[in-house]
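Survey of secondary and tertiary structure
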Protein chains: 2
Amino acid sequence: MDAVVFDVFGTVVDWRTGVAREFERAGTRAGVQADWLGLATAWRSRYAPTLLRVVSGEVPWRSLDELHRMMLDDVLTEHGLTGFTDTDRAELVSAWHRLSPWPDSRDGLSRLRETHITATLSNGSIALLIHLARVGGLPFDAILSAELIHSYKPDPKVYLMAGDLLEVPAPRLLMTACHLEDLRAAADVGLRTAYIPRPLEWGPGHPAAPAPDWVDLIATDIPDLARRLAP
Amino acid sequence: MDAVVFDVFGTVVDWRTGVAREFERAGTRAGVQADWLGLATAWRSRYAPTLLRVVSGEVPWRSLDELHRMMLDDVLTEHGLTGFTDTDRAELVSAWHRLSPWPDSRDGLSRLRETHITATLSNGSIALLIHLARVGGLPFDAILSAELIHSYKPDPKVYLMAGDLLEVPAPRLLMTACHLEDLRAAADVGLRTAYIPRPLEWGPGHPAAPAPDWVDLIATDIPDLARRLAP
């Protein structure tokens, strides 16, 4: 393997806890009580269908921040939470720029980078990913984002772009994610795939899916991935 | 200033010594004697006019590796150096992926990154820049390249792309280079400019140009730039 690219939300950083915490903070400011973890989940559950509408061409490309804002407005309206100001909402959208990594991410990426080129391959914007890497001290060699071609995963063009920019043929490029749709789309255009079934990604009481047989590699966390890929 | 983007060849890494050394190595293998520093200079002197022909649309976009190879073939033919094999030439093209940084670059970038977002903004490809950053231990937050829009500096679109991807307005974005054409083009689209007049960039006996009055900042090296930008 020449290079390893990473999904970020859920695979490298813990969006659920981070977003719920910022929801609670904004709610306290706005004098609102709610199920913050549930709201974080409701927000995130709009993510995949919204991005698919962009990929299909049904709606025009917009930055993830803009899409996050639209989804947030819908979620708040749906839950009757009209007390959040424009500033609160902007703050919540920027919460996705400040998420903490899973405890193993920084160390695992450092080790992996000793032997492999590493990069993000995320639907977050380049600026958002830079912010996350700085907040979490995540040592990627490069920040790659679907933004670079104004699309979103699982558009096959996103995975092919990564191989093109890294100058690595698809079979020498490993897509790493905790989401099987992401890996399936990467595999469909010839990339190798590593599945890290993050146990907390799906929320309390929702274990990660078992690894399907088409996945090339399964790792418990990023240090485990680094060990498995060590020359 | 929110972010600082860097020209790389000449500003962060020493292309002249590195390319001359690899020329000498390839020449020794091929049993050829020549003025290797002169050849490195002759190769590089074709760079700006070649890229300008791409920017003007006169010739279609090709990767810098491909353009380097075309320029190299021309230079070798011109100097009657036909003894270099295809492998030698490919090796020489890849020499641009292995250049050493100036002695201050690594430390300066580390310091600057504590207070500012830092990125490359180079005509080298993303893959080439990743290789240089890994070889030299250069801690950029992101690797940006003119390749991302299939153009080359001094195309104004390249500088605007950097602001767009970093989500930083042009007046909060500092372009750093040892070449005044690069800075002039950045200034023309509203970026701030920092001039580092690298004394060895122009070869023995050719001092760097004095700083013109339109440059926003002059620094002797990257640590000096970090000091001047420290909050």
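Residues numbered from 1 in each chain as written. Chains lettered and ligands numbered in written order. Predicted model: local features only at pLDDT ≥ 70, side-chain atom pairs only at ≥ 80, totals over all residues. Heavy atoms only, no water.

- In the annotation of an unreviewed UniProt entry, chain A is listed under the name Haloacid dehalogenase type II and assigned to Streptomyces doebereineriae.
- UniProt, in the comment section headed Sequence similarities (unreviewed entry), describes chain A in these words: "Belongs to the HAD-like hydrolase superfamily. S-2-haloalkanoic acid dehalogenase family." (UniProt positions renumbered as here; feature names shortened; annotations may be inferred.)

1. Points about the pairing of strand S4 (residues 173–177) of chain A
Residues and elements named next belong to chain A.
- In terms of burial, S4 is a largely internal element, five of the five residues being buried.
- Neither face of S4 is exposed, since Leu 173, Met 175 and Ala 177 on one face and Leu 174 and Thr 176 on the opposite face are all buried.
- Bridge analysis of strand S1 (residues 3–6) against S4 gives four bridges, and the strand direction is parallel. Across the sheet, the residue bridging to Phe 6 is Thr 176, located in S4. (Buried < 20%, exposed > 50% of the residue type's maximum accessible area, 1.4 Å probe, protein only. Helix = DSSP H or I, 4+ residues; strand = E, 2+ residues; numbered from the N terminus. Pairing = 2+ DSSP bridges.)

2. Here we look at the relation of the copies chain A and chain B
- It takes a turn of 180° to lay chain A on chain B, together with a shift of 0.0 Å along the axis; the resulting RMSD is 0.0 Å. Viewed as a symmetry operation, the transformation between the two copies matches a two-fold axis. When C-alpha positions in chain A are compared against the rotation axis, the closest is assigned to Ala142(A), at 2.9 Å.
- Most of the interface of chain A is mirrored in chain B, where 100% of its interface residues again form contacts. (Least-squares fit on C-alpha atoms with pLDDT ≥ 70 in both. Contact = heavy atoms within 4.5 Å.)

3. Some points on the domain arrangement of chain A
Residue and element names in this part refer to chain A.
- Taken domain by domain, chain A holds domain 1 (3–14 + 100–229) and domain 2 (15–95).
- A C-alpha centroid distance of 23 Å is found between domain 1 and domain 2.
- Contact with domain 1, which involves 19 residues of that partner, is made by 16 residues of domain 2.
- Around 1,500 Å² of area is buried between domain 1 and domain 2 when both sides are counted, 58% of it from carbon and sulfur atoms.
- By the criterion of area lost to domain 2, the three top residues of domain 1 are Phe 9, Asp 14 and Tyr 152, representing 43% of everything that side buries.
- Within the side of domain 1 that touches domain 2, the residues separate by chemical class into seven nonpolar, seven polar and five charged. (Domains from an automatic or database assignment. Buried area = accessible area lost by both parts, 1.4 Å probe. Nonpolar A, V, L, I, M, F, W, Y, C, P; charged D, E, K, R; others polar.)

4. Concerning the environment of Pro210(B)
All names here are of chain B.
- With respect to the helices and strands, the residue Pro 210 is situated in the loop between strand S5 (192–195) and strand S6 (217–218).
- For Pro 210, a relative accessible area of 70% translates into the label exposed.
- For the pair Pro 210 and Ala 119, spaced 91 residues apart in the sequence, the C-alpha separation amounts to 26 Å.
- Sequence-distant contacts of Pro 210, defined by excluding residues within four places in its chain, comprise Leu 180 and Tyr 195.

5. Brief notes about the packing of helix H2 (residues 36–45) of chain B against helix H4 (residues 64–78) of chain B
Residues and elements named next belong to chain B.
- Packing of H2 against H4 brings their axes to within 9 Å, and their N-to-C directions diverge by 125°. The angle between the axes of H2 and H4 places the two elements in the oblique class. For the element pair H2 and H4, the recorded crossing hand is right-handed. Here Leu 39, Ala 42 and Trp 43 of H2 come into contact with H4, specifically with His 68, Met 71, Leu 72 and Val 75.
- Class assignment for the residues of the contact of H2 with H4 results in six nonpolar, one polar and no charged. (Axes fitted to C-alpha atoms, helices over the stretch in contact; angles between N-to-C directions. Parallel < 35°, antiparallel > 145°, perpendicular 65-115°, else oblique. Left-handed = near helix turned anticlockwise from the far one by under 90°.)

6. With respect to the side chain of Ser151(B)
Residue and element names in this part refer to chain B.
- Considering the arrangement of structural elements, one finds Ser 151 in the loop between strand S3 (142–145) and helix H8 (156–166).
- What makes Ser 151 buried here is its relative accessible area of 5%.
- Within the structure, Ser 151 has its side chain in polar contact with the side chain of Asp 155 (distance 2.6 Å).
- Aside from chain neighbours lying at most four places away, what touches Ser 151 is Val 55, Trp 61, Ala 146 and Val 158. (Polar contact = N/O pair within 3.5 Å; in protein donor to acceptor, adjacent residues only side chain to side chain.)

7. A closer look at the packing of aromatic side chains
All names here are of chain A.
- By the definition in use, this model includes 20 aromatic pairs over all chains.
- Look at Phe 9 and Tyr 47: their rings are 6.4 Å apart centre to centre, the planes differ by 85°, and that puts the pair in the edge-to-face class. Of this pair, Phe 9 sits in the loop between S1 and helix H1 (15–30) while Tyr 47 sits in helix H3 (residues 47–55); the two residues are 38 residues apart in sequence, bridging distant segments of the chain.
- We classify Phe 9 as buried; its relative accessible area is 1%.
- For Tyr 47, a relative accessible area of 9% translates into the label buried.
- Taken together through their ring pairs, the aromatic side chains of Phe 9, Trp 15, Phe 23, Trp 36, Trp 43, Tyr 47, Phe 84 and Trp 96 make up a single cluster.
- If you follow Arg 184 out to its NZ or CZ, it ends over the ring of Trp 214, 4.4 Å from the centre. (Phe/Tyr/Trp six-rings, centres within 6.5 Å; stacked < 30°, edge-to-face > 60°. Lys NZ or Arg CZ within 6 Å of the ring centre and 35° of its normal.)

8. Some details on the interface of chain A and chain B
- In this assembly, 20 residues from chain A lie in contact with 20 residues from chain B.
- Both faces considered, chain A and chain B share a buried interface measuring about 1,700 Å² in area, 56% of it formed by carbon and sulfur atoms.
- The tally of links between chain A and chain B comes to two salt bridges.
- The closest approach of N and O atoms between Asp141(A) and Arg134(B), which form a salt bridge, is 2.6 Å.
- Across the contact surface, chain A and chain B share 10 residue pairs in polar contact (both at pLDDT 80 or more).
- For the side of chain A that touches chain B, the elements supplying multiple residues, two or more each, are helix H6 (105–115), helix H7 (126–136), strand S3 (142–145) and helix H8 (156–166) of chain A.
- Examining the composition of the side of chain A that touches chain B, we find that five residues originate from one element, H7(A), more than from any other. (Salt bridge = Lys/Arg side-chain N within 4 Å of Asp/Glu carboxyl O.)

9. A few points about H8(A)
- Among all positions of H8(A), only Val158(A), Tyr159(A), Met161(A), Ala162(A), Gly163(A), Leu165(A) and Leu166(A) are buried.
- The inward-facing, buried residues of H8(A) contact S1, strand S2 (117–122), S3, S4 and helix H9 (180–188) of chain A together with helix H7 (126–136) of chain B.
- Of the residues flanking the start of H8(A), the one acting as N-cap is Asp155(A), its side-chain oxygen 2.9 Å from the backbone nitrogen of Lys157(A).
- Once H8(A) finishes, Glu167(A) follows within two positions and takes phi at roughly 55°, a positive value.

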